[in-house]
Amino acid sequence: MKIGFASDHAAVALKDSVKAHLAERGFECVDFGAYEPTEQDNYPERGLAVAEALVRGEIDKGVIVCGTGIGISLAANKVPGIRAAVCGDTYTARLSVEHNNANILAMGARVVAPEYANDIADAFFDARFEGGRHAVRVGMIADIEKKYSKVPGDA
Ligand code: RB5
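So, a few notes on the structure that sits alongside this text. Model, not experiment: these values are computed from the prediction.

We now examine the packing of aromatic side chains. On inspection of all chains with the given rule, the structure shows two aromatic pairs. Centre to centre, the rings of F27 and F125 are 5.5 Å apart; their planes meet at 50 degrees, and the pair counts as tilted. In this pair, F27 sits in the loop between α1 (12-24) and β2 (28-31) while F125 sits in helix α5 (residues 114-126), placing the two residues 98 residues apart along the sequence. Plain terms: the ring middles of F124 and F125 are 5.0 Å apart, the flat faces sit at 75 degrees to each other, and that makes the pair edge-to-face.

Right, let's get into the nonpolar core. If you look at the biggest cluster of nonpolar residues, it comprises 24 residues, and the most contacted ones within it are V18, L22, V63, M107 and F125. Within the residue set of this core, elements represented by two or more residues are β1 (2-7), α1, β3 (61-66), α4 (90-98), β5 (104-108) and α5. Among the elements that take part in this core, α5 stands out by supplying six residues, more than any other. When residues no more than four places from it in sequence are discounted, the contact partners of M107 are V18, V63, I64, V65, C66, T68, G69, C87, V112, A117 and I120. One finds A51, L54, I59 and I104 within the second-largest nonpolar core, a separate group that totals 15 residues.

Enumeration according to the criterion identifies zero disulfides in this entry. Free cysteine: C29, not disulfide-bonded; nearest cysteine sulfur from C87 at 18 Å. The class for C29 is partly exposed, based on a relative accessible area of 26%. A disulfide-free cysteine, C66 has its sulfur positioned 13 Å from the sulfur of C87, the nearest such atom. Taking relative accessible area as the criterion, C66 reaches 3% and is therefore assigned buried.

For the rest of this paragraph, the subject is the side chain of D8. By the secondary structure assignment, D8 is in the loop between β1 and α1. In this structure, D8 is buried with no salt-bridge partner, the nearest side chain bearing the opposite charge being R110 at 6.5 Å. Polar contacts involving the side chain of D8 include one to the main-chain amide nitrogen of A10, which spans 3.0 Å. Excluding residues that lie within four positions of it along the chain, D8 makes contacts with A34, D41, N42, Y43, R46, V65, C66, G67 and I72.

To continue, consider the pairing of β5. In terms of burial, β5 is largely enclosed, as five of its five residues are buried. Sheet topology places β3 next to β5; five bridges connect them, and they run parallel. Across the sheet, residue G62 finds its bridge partner in β5, namely I104. Taken together, the three bridges between strand β4 (residues 84-86) and β5 define a ladder with parallel strand orientation. Across the sheet, residue A85 finds its bridge partner in β5, namely L105. Tracing the backbone out of β4, into α4 and back to the parallel element β5 gives a crossover that is right-handed.

As a structural note, the neighbourhood of the ligand is formed by D8, H9, A10, Y43, C66, G67, T68, G71 and R110. Between R110 and the ligand, the recorded distance is 3.4 Å, taken from a side-chain N or O atom to an oxygen atom. Here the ligand loses 72% of its free accessible area of 290 Å² to cover by the protein chains. Counted by class, the shell around the ligand contains three nonpolar, four polar and two charged residues.

The rules behind each value
Residues numbered from 1 in each chain as written. Predicted model: local features only at pLDDT ≥ 70, side-chain atom pairs only at ≥ 80, totals over all residues. Heavy atoms only, no water. Phe/Tyr/Trp six-rings, centres within 6.5 Å; stacked < 30°, edge-to-face > 60°. Helix = DSSP H or I, 4+ residues; strand = E, 2+ residues; numbered from the N terminus. Core = buried A, V, L, I, M, F, W, Y, C linked by side-chain atoms within 4.5 Å. Buried < 20%, exposed > 50% of the residue type's maximum accessible area, 1.4 Å probe, protein only. Contact = heavy atoms within 4.5 Å. Disulfide = S-S within 2.5 Å. Lys, Arg positive; Asp, Glu negative; His and termini not counted. Salt bridge = Lys/Arg side-chain N within 4 Å of Asp/Glu carboxyl O. Polar contact = N/O pair within 3.5 Å; in protein donor to acceptor, adjacent residues only side chain to side chain. Pairing = 2+ DSSP bridges. Right-handed = clockwise from strand over helix to strand, strands pointing away. Near = heavy atom within 4 Å. Areas by Shrake-Rupley, 256 points an atom, 1.4 Å probe, with all protein chains shown as cover. Nonpolar A, V, L, I, M, F, W, Y, C, P; charged D, E, K, R; others polar.

Dropping the structure here:
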């Protein structure tokens, strides 16, 4: 599995440590920055980079991190087909995949300690979508995306 990583300036260290952990586990890792903790980074651009790579099929899953995990996940979730889940505990991380078929894990570098972030990532990447009734509900989310997506040129 190929995992894309991104963070803003507030979360470079956590992004790098989770990436190192998952690389150690054998996952292929692609880094979309930020690479330095400068103040020039904007979380929407970083979240978008991973989200677009995922819907283009260049990566299979994503890990995105900002100060809280909120801003970068809000940005990624604007891309149809993205289900980015902000997780601060292992239970939520597991259920976000089993029930919600989350394809991006978001975390807050100012919220979770690095060691626990690795546990959260393990819970996320070890989980499998259960399908069934959950697939129906995830399909309803996709219907909302379709309802509010406009194709250029449409009235
Ligand atoms: C940056 O200061 C901070 O606003 C950002 O990392 C994130 O927490 C936003 O949601």
